[in-house]
Amino acid sequence: MNLTTLCYIEKDGQYLMLHRVLKKQDINKDKWIGVGGHFEENESPEECLLREVKEETGLTLTSYRFRGLITFMSDSWQTEYMCLYTADKFEGEMIECDEGELVWVPKKDLLNLTLWEGDKIFLELLSKEAPFFSLKLRYEGDFLKEAVLNGEMISI
């Protein structure tokens, strides 16, 4: 099973975004995403979140919220279950990330970035302070074909 975390760290109306441009074999190549990664054995979602954020950014989260569970399905990769978080407090100094460039991006500019189509859906839910949600996204290649929010099909 493919389990991951993803976190949008917030500061001054901006999210810390990772422009995935450095890894050779990268399903997210050239896309902008939050920070996070794969669970290690016996980790809880929170342990994975804190470890991955520290590894990728050098920051230690001191305040975060579990916002939703995203199910990614595709004809091109294994189904992934992603725990989605936001964080609004952290300590430490940012480091360079070996997976891409870390950039603080104003929330109002997020949709101008090269994002996965499904990411736009959950970023909108985050911006509206939606209660905890379950979102299923089905892709064919890079194209979003279906989105189901809390068991209900939504138009894409």
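Our subject in this report is the structure included herewith. Because the structure is a prediction, the values reported are computed rather than measured.

A separate point is helix 1 (residues 45–57). Helix length check: helix 1 (13 residues) gives 18 Å between terminal C-alpha atoms against 18 Å at 1.5 Å per residue, within 8%. Every buried residue of helix 1 is listed here: Cys-48, Leu-49, Arg-51, Glu-52, Val-53, Glu-56 and Thr-57. Buried-residue contacts for helix 1 involve strand 1 (2–11), strand 2 (14–19), strand 4 (35–38), strand 5 (60–74), strand 6 (80–91) and strand 7 (101–106). Among the residues trailing helix 1, Gly-58 stands out with phi positive, at a value near 85 degrees.

The nonpolar side chains of soluble globular proteins are, as a tendency, buried together. The biggest cluster of nonpolar side chains holds 44 residues, and the ones touching the most others in it are Ile-9, Phe-122, Phe-133 and Leu-137. Setting aside residues no more than four positions away along its own chain, Ile-9 makes contact with Gln-14, Tyr-15, Leu-16, Val-35, Val-53, Leu-59, Leu-61, Ala-87, Phe-90 and Trp-104.

Moving on, we get to the state of the cysteines. Under the definition given, this model contains zero disulfides. Free of any disulfide, Cys-48 has its nearest cysteine sulfur in Cys-83, 7.9 Å distant.

With respect to the secondary-structure elements, Lys-128 resides in the loop between helix 2 (117–127) and strand 8 (133–140). On the basis of relative accessibility, which here comes to 59%, the residue Lys-128 falls in the exposed class. As a C-alpha pair, Lys-128 and Glu-99 span 29 residues in sequence and 29 Å in three-dimensional space.

By the element assignment, Thr-86 lies in strand 6. On the basis of relative accessibility, which here comes to 7%, the residue Thr-86 falls in the buried class. A polar atom in the side chain of Thr-86 sits 3.0 Å from the side chain of Arg-67. Ignoring any residue separated from it by four or fewer positions in sequence, one finds Thr-86 in contact with Cys-7, Tyr-8, Tyr-15, Tyr-64, Arg-65, Arg-67 and Leu-126.

Okay, unusual backbone geometry next. The phi dihedral of Glu-129 is positive, around 55 degrees, even though this residue is not glycine. Tracing the backbone shows Glu-129 in the loop between helix 2 and strand 8. In this structure, Asn-150 is a non-glycine residue whose phi angle is positive, near 50 degrees. In this structure, Asn-150 sits in the loop between strand 9 (143–149) and strand 10 (152–154).

Turning next to the packing of aromatic side chains. Under the defined criterion, the tally for this structure stands at nine aromatic pairs. When the centroid spacing of 4.8 Å and the interplanar angle of 15 degrees are considered together, the rings of Phe-66 and Tyr-85 count as stacked. Separated by 19 residues along the polypeptide, Phe-66 in strand 5 and Tyr-85 in strand 6 bring together distant segments of the chain. Its relative accessible area of 33% is what places Phe-66 among the partly exposed residues. Ring centres of Phe-66 and Phe-132 lie 5.1 Å apart, and the angle between their planes is 85 degrees; on these two criteria the pair is classed as edge-to-face. Placement of the pair is Phe-66 in strand 5 and Phe-132 in the loop between helix 2 and strand 8, with a sequence separation of 66 residues. Taken together through their ring pairs, the aromatic side chains of Tyr-64, Phe-66, Tyr-85 and Phe-132 make up a single cluster. Above the plane of the ring of Trp-116 lies Lys-31, whose end atom (NZ or CZ) is 4.3 Å from the centre.

About the criteria used
In this numbering scheme, every chain counts its residues from 1 along its sequence in written order. Local features are withheld for residues below a pLDDT of 70 in this predicted model, meaning they are given only at 70 or higher, and side-chain atom pairs are given and counted only at 80 or more; totals for whole chains, interfaces and linings count all residues. Each side-chain value is derived from all of the structure's non-hydrogen atoms; neither hydrogens nor water enter the calculation. Counting from the N terminus, the helices are DSSP H or I runs at least four residues long and the strands are E runs at least two residues long. Any helix carries an expected span of 1.5 Å times its number of residues minus one. Buried means the residue's accessible area, taken with a 1.4 Å probe over protein chains only, is under 20% of the maximum for its type, while exposed means over 50%, and partly exposed covers the values in between. Only heavy atoms enter the contact rule, under which two residues are in contact if any of them lie within 4.5 Å. Side-chain atoms within 4.5 Å link the members of a nonpolar core, which is a set of buried Ala, Val, Leu, Ile, Met, Phe, Trp, Tyr and Cys residues. What counts as a disulfide here is a pair of cysteine sulfur atoms lying within 2.5 Å. What qualifies as a polar contact is a pair of N or O atoms within 3.5 Å, subject to a donor-acceptor requirement within protein and to the restriction that residues adjacent in sequence count only when both atoms come from side chains. Here a pair means two rings of Phe, Tyr or Trp (six-membered ring of Trp) with centres within 6.5 Å. Their orientation is stacked below 30 degrees between planes, edge-to-face above 60, and tilted elsewhere. Any Lys NZ or Arg CZ found within 6 Å of a ring centre and within 35 degrees of that ring's normal is scored as a charge over the ring.

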